Amino acid sequence: APGRMTALGVSGTGRRTGAQGEAIAIGNRQNARGQNSAIDDIRQQVIAAVGWDRAMSDGFRIHTTIDSELQAVAEKSLRAHLDEAEQHPDYNHQTYVQYGEILHAARANKSPNDKPVAPKPPEYLQGAVIALNNKTGGILALVGGRDFEQNEYNRALQARRPPGTAIIPFVYAAAFAKGSYPGTIVE
């Protein structure tokens, strides 16, 4: 009941009123797989914890730290910045648009009797985003790549990086604290 949420301190009256006007987001359990990297990672963790049969049939309610608005903004921002990089005049690699055309042509030329063939993986520019809540360590947004439907490889969680890469933000932060800026030349 709406009043019960306020009584329990789950939400204030203003938040409750706003939430009452929103549609409830319900996903198909069998097809929870394709939405984005965050949903796919959660799905995999639930299956690993309780098994496939229970995950698909027991009606679990999964609560996460993912902020759906921030998740959508992170996905949109990553795509926009990668699209912008591919528009650079000197960019001479496969683009997202070109790969889309390749997929469209492959699907258009396939006859109904053809056996499905996995398309060649995309070679366009990729990226990843992880946004964390510094106080709790909870993941607020997780984007594993440019288009989850075209390539499910999660660069945010599955890609391996040299250990030294983790220290780079701290080196830059120390330099900025001492008055340097991104354009500073260091001998």
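Treat the numbers as computed from the prediction; the structure is a model and nothing was measured. (Residues numbered from 1 in each chain as written. Predicted model: local features only at pLDDT ≥ 70, side-chain atom pairs only at ≥ 80, totals over all residues. Heavy atoms only, no water.)

## Examining the confidence of the model for the protein
Test applied: Each residue carries a pLDDT value, the predictor's own confidence for that position, ranging from 0 to 100. Here a helix means four or more residues in a row that DSSP labels H or I, a strand means two or more in a row labelled E, and each is numbered from the N terminus. The contact criterion used throughout is that any non-hydrogen atoms of two residues lie within 4.5 Å.
On average, residues of the protein carry a pLDDT of 81, and 81% of them reach 70 or more. Of all secondary-structure elements in the protein, the lowest mean pLDDT belongs to helix α1 (residues 2–7), at 50, while helix α5 (residues 68–86) reaches the highest, 95. Counting interchain partners and residues more than four positions distant, the pLDDT-below-50 stretch residues 23–34 has 11 contacts.

## Examining a nonpolar patch on the surface
So the rule is basically this: Each patch is built from residues that are more than 30% exposed by relative accessible area and take part in no salt bridge. Like charges join if they lie within 9 Å; nonpolar side chains (Val, Leu, Ile, Met, Phe, Trp, Tyr) join within 5 Å. What sets the accessible areas is the Shrake-Rupley method with a 1.4 Å probe; for residues, cover comes only from the shown protein chains. The term salt bridge refers to a side-chain nitrogen of Lys or Arg lying within 4 Å of a carboxyl oxygen of Asp or Glu. Relative accessibility under 20% of the residue-type maximum defines a buried residue, over 50% an exposed one, and the middle range a partly exposed one, all with a 1.4 Å probe and only protein chains included.
Taken together, the side chains of Ile167, Ile168, Phe170, Val171, Tyr172 and Phe176 present a nonpolar region at the surface, about 640 Å² in accessible area. Within the secondary structure, phenylalanine 170 sits in helix α7 (residues 168–177). The exposed category is assigned to phenylalanine 170, whose relative accessible area is 60%.

## Overview of the environment of aspartate 67
Quick note on the threshold: N or O atoms within 3.5 Å of each other form a polar contact, as long as, within protein, one can give a hydrogen and the other can take it, and as long as residues adjacent in sequence are counted only when both atoms are side-chain atoms.
Examined against the element boundaries, aspartate 67 turns out to sit in the loop between α4 (52–57) and α5. C-alpha separation for the pair aspartate 67 and alanine 131, spaced 64 residues apart in sequence, amounts to 9.7 Å. One polar contact links the side chain of aspartate 67 to the main-chain amide nitrogen of leucine 70, over a distance of 3.1 Å.

## Things to note about the layout of surface pockets
Threshold: Grid spacing is 1 Å over the protein atoms alone, the probe is 1.4 Å, and a cavity is where that probe fits but cannot get out, while a pocket is an open set with protein on both sides within 12 Å along at least five of seven lines and lining residues have an atom within 4 Å of a point. Grid points are joined across faces, edges and corners, and a volume is the space filled by probe spheres set on the points. Each residue gets one label: Ala, Val, Leu, Ile, Met, Phe, Trp, Tyr, Cys and Pro are nonpolar, Asp, Glu, Lys and Arg are charged, and the others, such as Gly, are polar.
The volume enclosed by the second largest pocket comes to roughly 390 Å³. As for the second largest pocket, its lining consists of 18 residues, of which Leu103, Ala106, Arg107, Val117 and Pro119 are closest to the centre. The residue inventory of the lining of the second largest pocket, partitioned by class, reads eight nonpolar, three polar and seven charged.

## Some thoughts on the side chain of glutamate 86
Of note, glutamate 86 is situated in helix α5. The exposure class assigned to glutamate 86 is buried, which follows from its relative accessible area of 6%. Once residues within four sequence positions are removed from consideration, glutamate 86 is found in contact with Tyr91, Gln94, Thr95, Tyr96, Tyr124, Leu125 and Arg146.

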